[in-house]
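# Notes for the structure review
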Amino acid sequence: MPTSPLQFENVTHAYGQVASVQNINLTVEHGEFVALIGPSGSGKSTLVKVAAGLEQPTSGQIYLNGSRAGKRLGQTAYMPQSNALLPWRTVIENVVLGLEFTGQRNRETLNRARELLAQFGLAGFEDVYPAQLSGGMQQRAAFLRTFMMERPLVLLDEPLSALDAITRAEIQDWLLGVWRHFNYTIVMVTHDVHEAVYMADRVVVLSARPGKIVRTVEVGLARPRERTNPAFHRYVAELMAAITV
Ligand code: ADP
Ligand code: MG
């Protein structure tokens, strides 16, 4: 019996007649950082939605912590693609939004949110509106909303795509720090091969639709990684070659 945080066993999914992903076999280990890359429409978002329980496979099995997980909704921390903060809510009110849905908003979780806001570099910004934050700060608040769910398995769908290059590099390092500090298991979708090589332990490549796993690459580079290192570029080149549009 597998006990890894997430396992796909021969998972196939379709939207009606449109096959999205096919025969996915993937096991994510405790504390691992897995990046999922592939061309647009290859089923990356679908795969994390299936893991989060927002979509059901047409065949195959999903295991969370070794258990066959029929009802997965709420068991993972899932951050959807283009996860915007609500502009009419203050930062703290945005951060506890997910907890409201699960009925976990109370004095204790609000205090915890305030504590974590400080750890996330947002001390003093609890009661302002998102528009008053920089892009990087907004994104850290959106991450905190996801992490507030306190689920050890974190599913992130292109969380950094909207950031400018400099902020993005900064948030990549910040997110790696959070991952280490809280010992999360992360599956992160990205369309950026450099980002995948910079951040992940393992990079999984999906083919064009219907997405099948065509390549899995362990990134054997010590952190912090040097983007200018020739070995870094060899990984990038290897992954680029595996992506077929
Ligand atoms: P990616 O995230 O890799 O860009 P998606 O998982 O969003 O890919 O989509 C995979 C395929 O499924 C695409 O071809 C897309 O057009 C299709 N698709 C996605 N969502 C739906 C939907 N709700 N209904 C029908 N087809 C969809
Ligand atoms: Mg997507």
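Report follows, based on the coordinates.

Analysis parameters
Residues numbered from 1 in each chain as written. Chains lettered and ligands numbered in written order. Predicted model: local features only at pLDDT ≥ 70, side-chain atom pairs only at ≥ 80, totals over all residues. Heavy atoms only, no water. Helix = DSSP H or I, 4+ residues; strand = E, 2+ residues; numbered from the N terminus. Rg over C-alpha atoms; globule rule 2.2 N^0.38 Å. Buried < 20%, exposed > 50% of the residue type's maximum accessible area, 1.4 Å probe, protein only. Contact = heavy atoms within 4.5 Å. Areas by Shrake-Rupley, 256 points an atom, 1.4 Å probe, with all protein chains shown as cover. Lys, Arg positive; Asp, Glu negative; His and termini not counted. Charge placed at Lys NZ, Arg CZ, Asp CG, Glu CD. Near = heavy atom within 4 Å. Polar contact = N/O pair within 3.5 Å; in protein donor to acceptor, adjacent residues only side chain to side chain. Nonpolar A, V, L, I, M, F, W, Y, C, P; charged D, E, K, R; others polar. Donors = N, O, S within 2.8 Å, 3.2 Å for Na, K, Ca; no water.

## Topic: the overall build of the protein
- When you go through the protein residue by residue, the secondary structure sums to 8 helices and 10 strands.
- A compact globule built from 245 residues would reach a C-alpha radius of gyration of about 18 Å, and the protein, at 18 Å, matches this within 12%.
- Its C-alpha atoms put the protein at 45 × 45 × 35 Å along the principal axes.
- Evaluated residue by residue, the protein yields a buried proportion of 53% over its 245 residues.
- Long-range pairs, those at least 24 residues apart, make up 68% of the contacts in the protein with a sequence separation of at least 6.
- Accessible surface computed for the protein: about 11,300 Å², of which carbon and sulfur atoms make up 52%.
- Here the protein carries 23 positive and 22 negative side-chain charges, and the mean point of each set is 5 Å from the other.

## Some points on the site of ligand 1
- Around ligand 1, the surrounding shell consists of Tyr 15, Pro 39, Ser 40, Gly 41, Ser 42, Gly 43, Lys 44, Ser 45, Thr 46 and Arg 209.
- Between ligand 1 and Lys 44 there is a distance of 2.9 Å, counted from an oxygen atom to a side-chain nitrogen or oxygen.
- At 3.1 Å, a side-chain N or O of Arg 209 approaches an oxygen atom of ligand 1.
- The element that contributes the greatest number of residues to the shell around ligand 1 is helix H1 (residues 44-52), accounting for 3 residues.
- Broken down by class, the residue content of the shell around ligand 1 amounts to 2 nonpolar, 6 polar and 2 charged.

## What about the coordination of the magnesium ion (ligand 2)?
- The magnesium ion (ligand 2) binds to the protein through Ser 45 (OG) and Gln 81 (OE1); the donor distances cover 2.1 to 2.5 Å. With Ser 45 in helix H1 and Gln 81 in the loop between strand S6 (77-79) and helix H2 (91-95), the pair connects residues that are 36 residues apart, well separated along the chain.
- By relative accessible area, which is 38% here, Gln 81 ends up partly exposed.

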